[in-house]
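Observations on chain architecture
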Amino acid sequence: MKAILFVFPFVLAVAYFPISQCQNLPLIEQTCKQTPYYGLCVTLLKSDPRSKTAGDVQAIALIMVDIIKAKAGGALQHIEKLKQKYPALRVPLSACKDRFNAIIIGDVPQAVEALTKGDPKFAVDAANDAALEADSCERGFSGKSPITQMNKLNHDISIITASIVKTML
């Protein structure tokens, strides 16, 4: 009889809570499973200390938008160095600089505003545009560019962000 009294509260608790709570999957992993680049998504979010206290998908999305901004800023710095090192690539690198500036000046603020005002569709559009900007930069070179990896990373991060925000629609 004592065993039944001991086990009953646990059975009741398991039956009461939804299955998703019983699985106890962290928000980061649940969210990243909704993206095409799960491993990259988890790595990026786990590397950001704010993700440990993120309480919902909106907070995760805002962190990803900040990551887009940081990676685009890193690309801009690298582009400036490459322009000095490879004068023959000055034109396509300048075009890439314009693309990454568009991400930082246009897409990132649009995404932040849309997320904070509760209009995720515009945040999806901004993240998708950031991915297109990185792709456009890459296509501006004849052959492989000296920033192919950065372009791919910026593209993938932007697609992850768009995928996360889509779950809010």
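One can find the structure itself at the top, above this paragraph.
Scope of this entry: the structure provided in the associated data block. On a predicted model such as this, the values are computed, not experimentally measured, just so you know.

**Some words on the pattern of salt bridges**
- What the rule picks out here adds up to 9 salt bridges.
- Between Arg-99 and Glu-133 there is a salt bridge, and its shortest N-O distance comes to 3.3 Å. Here Arg-99, found in helix H6 (residues 90–116), pairs with Glu-133, found in helix H7 (residues 120–139); they are 34 residues apart in sequence, far enough to count as distant.
- For Arg-99, a relative accessible area of 34% corresponds to the partly exposed category.
- Looking at Glu-133, the relative accessible area reads 11%, which means it is buried.
- Note that Asp-156 and Lys-152 form a salt bridge whose closest N and O atoms lie 2.7 Å from each other. Placement of both Asp-156 and Lys-152 in helix H8 (residues 148–166) is noted, with a separation of 4 residues, approximately one turn of the helix.
- Judged by relative accessible area, which is 7%, Asp-156 ranks as buried.
- Residue classification places Lys-152 among the partly exposed residues on the basis of a relative accessible area of 47%.
- Salt bridges sharing partners connect three or more residues here, namely Asp-48, Arg-50 and Asp-66.

**Looking at the nonpolar core**
- By size, the foremost hydrophobic cluster in this structure holds 41 residues, and its most contacted members are Leu-45, Met-64, Phe-100, Ile-103, Ile-147 and Ile-164.
- Taken together, the elements giving at least two residues each to this core come down to helix H3 (27–32), helix H4 (38–46), helix H5 (57–85), H6, H7 and H8.
- In terms of residue count, H5 provides more of this core than any other element does, 12 residues in total.
- Apart from the residues within four sequence positions on either side, Leu-45 is in contact with Ile-28, Cys-32, Ser-51, Ile-60, Ile-63 and Met-64.

**Considerations on H4**
- Listed in full, the buried residues belonging to H4 are Cys-41, Val-42, Leu-44 and Leu-45. Buried positions in H4, seen along its axis, are confined to an arc of 165° and lie on one side of it. What points out from H4, more than 90 degrees from its buried face, is the exposed set Thr-43 and Lys-46.
- Close packing links the buried residues of H4 with H3, H5 and H8.

Reading guide: rules and limits
- Residues numbered from 1 in each chain as written.
- Predicted model: local features only at pLDDT ≥ 70, side-chain atom pairs only at ≥ 80, totals over all residues.
- Heavy atoms only, no water.
- Salt bridge = Lys/Arg side-chain N within 4 Å of Asp/Glu carboxyl O.
- Helix = DSSP H or I, 4+ residues; strand = E, 2+ residues; numbered from the N terminus.
- Buried < 20%, exposed > 50% of the residue type's maximum accessible area, 1.4 Å probe, protein only.
- Core = buried A, V, L, I, M, F, W, Y, C linked by side-chain atoms within 4.5 Å.
- Contact = heavy atoms within 4.5 Å.
- Arc of directions from axis to C-beta.

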